[in-house]
Amino acid sequence: MTPVLIVLNAGSSSLKFQVFDMLDGAEPRLVWKGLYEGLGGSAHFLVKDTGGAILEEMTWGSGDRFGHEEALMHLVSWLSQFREERKPVAIGHRVVHGGEGFSGPVLIDEAVIQRLEALVPLAPLHQPHNLEPIRIVRRRLSGMPQVACFDTAFHQTQSDLASLFALPREMRERGVRRYGFHGLSYDYVSSVLKDYDPRLAEGRVVVAHLGNGASLCALKGGVSVATTMGFSALDGLPMGTRCGAIDAGVVFFMLREMKLTPDEAERVLYTKSGLLGVSGISNDMRVLRSKAATNADAKRAIDLFVYRITREIGSLVAALGGIDGLVFTAGIGENDVATRAEVMAGLAWAGLTLDEVANRTGGPRISSGSGLTAWVIPTNEELVIARQTRSMLGAMQAKLAS
């Protein structure tokens, strides 16, 4: 019987999952991936094999009260069809915020859950949803080892100066600092750079994680030294529906002059801004690209997105003291040929030259010449979670054996 790891990524109305075989001495191997969406309403279940073939698909009506707990129990039941071949031995969870206390993955117990709950004010729109399946598993599958893997942990290598806000000391003591996010994605890219260009693994690289959530990270020798996201996932680049960096005075204006409540202002900044807010059309880059030729607002949203990327890359080059490579990853970074070309055009000053044919075909190298190089590297956050879960499970078993 093959042991398997389940990787979970929970949202407010969704539950994404991947199942990995865990064979001795080998990299965790993806077997199935799928998702539950529309939880709490008309829920939909879809699971595929590694070739993309649909293995099963189901839909529940809005009156079925099908939420995260029902989804988890359905997943366990679905996996039981293959129990003679595979046995779940651990669950790894994506958790957005690990605060200052978690610089790596952690085996979950009640004390850890309490510490993670205390971080909810730092990520109020993400952390509660990440914690819900953890509580469900402890309640319904007691004894199943669970591991929390954090989006913030990868950036714990940054200096005190890189994480500091110019605010009163008592605020820093209450946890107000730059944390950075998308760390699981950056961890993966860092781990595979040597397979694309050994020089980059030891060099100065800016990684552009461009998707509905977007950020940049400066790597030196594969280690995070600076990133664009800060205290929250609002900071840095404009995103699909999030504003990115703004003058804090704008928030006061929203509260005092526009008479918004704090909750209303938060919704504007998280869900009505970014590409959606500027364009007034969509948060989907594919939609905006299709309309940009005839719609000035769609073009303006794209232009702002690209401008802010190139401007922030400049700041990270300063933090690195130079640059040897640029990596595009995540949904837009991996798939939007035009965004990559426009960003590289904005970086011509650094000696970056686009290979148009390679860019159209997805690279992986999309630059020409012998100097600064640019790459497209698909990210794999779930594999990082599987790796970290396996590592923690091994440490637990070694401790029990001793």
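First, a word on what this report is: a plain description of the structure on this page. Please read these numbers as outputs of a predicted model, since none were measured by experiment. (Residues numbered from 1 in each chain as written. Predicted model: local features only at pLDDT ≥ 70, side-chain atom pairs only at ≥ 80, totals over all residues. Heavy atoms only, no water.)

With that out of the way, let us pick up the overall build of the chain. Scanning the chain for helices and strands turns up 16 helices and 13 strands. Counting over 402 residues, the chain shows a buried share of 48%. (Helix = DSSP H or I, 4+ residues; strand = E, 2+ residues; numbered from the N terminus. Buried < 20%, exposed > 50% of the residue type's maximum accessible area, 1.4 Å probe, protein only.)

Here the second largest pocket is characterised by a volume of approximately 970 Å³. The wall of the second largest pocket is formed by 27 residues, among which F231, S232, L234, V251 and L269 lie closest to the centre. Counting residues per element, the ones that place at least two in the lining of the second largest pocket are helix 8 (249–256) and helix 9 (262–271). With six residues, helix 9 is the single largest residue contributor to the lining of the second largest pocket. Looking at the lining of the second largest pocket residue by residue, the class counts come to 20 nonpolar, three polar and four charged. (1 Å grid on protein atoms, 1.4 Å probe; cavity = no way out; pocket = protein on both sides within 12 Å on 5 of 7 lines; lining within 4 Å. Points joined across faces, edges and corners; volume = space filled by probe spheres on them. Nonpolar A, V, L, I, M, F, W, Y, C, P; charged D, E, K, R; others polar.)

Quick look at the environment of E257 now. Mapping E257 onto the fold places it in the loop between helix 8 and helix 9. You can call E257 exposed: its relative accessible area is 55%. Put simply, E257 and T373 are 116 residues apart on the chain and 48 Å apart in space, counted from C-alpha to C-alpha.

By size, the foremost hydrophobic cluster in this structure holds 41 residues, and its most contacted members are L210 and I313. Those elements giving two or more residues to this core turn out to be strand 9 (204–210), strand 10 (214–220), helix 11 (285–291), helix 12 (296–320), strand 12 (325–329), helix 14 (337–346) and strand 13 (373–376). At 10 residues, the largest contribution of residues to this core is made by helix 12. Other than its neighbours up to four places away in sequence, L210 contacts L237, F305, I309, F328, T329, A330, G331, I332, G333 and T339. The next biggest cluster of nonpolar side chains, apart from the first, holds 28 residues, and it includes M22, L184, V384 and I385. (Core = buried A, V, L, I, M, F, W, Y, C linked by side-chain atoms within 4.5 Å. Contact = heavy atoms within 4.5 Å.)

Strands sit in the order 5-4-3-2-1-6-8-7 across an open sheet of eight strands; the sheet is mixed. In this open sheet, the two edge strands, each paired with only one partner strand, are strand 5 (54–59) and strand 7 (106–107). Note that strand 3 (residues 29–37) and strand 4 (residues 44–49) share six bridges and pair antiparallel. By the bridge assignment, L35 is partnered in strand 4 with L46. Sitting on the sheet, helix 3 (residues 127–140) is in contact with strand 1 (2–10), strand 6 (86–95) and strand 8 (146–150), with an inclination near 155 degrees to strand 6. (Pairing = 2+ DSSP bridges. Axes fitted to C-alpha atoms, helices over the stretch in contact; angles between N-to-C directions.)

Attention now moves to empty space enclosed by the protein. The final tally for this structure, using the stated rule, is five cavities of 30 Å³ or more. Volume-wise, the largest cavity comes out at about 40 Å³. Residue lining of the largest cavity: I313, V317, I323, L326, L347, W349, A350, L352 and L372, and that is the complete set. Residue classes in the lining of the largest cavity are distributed as nine nonpolar, no polar and no charged.

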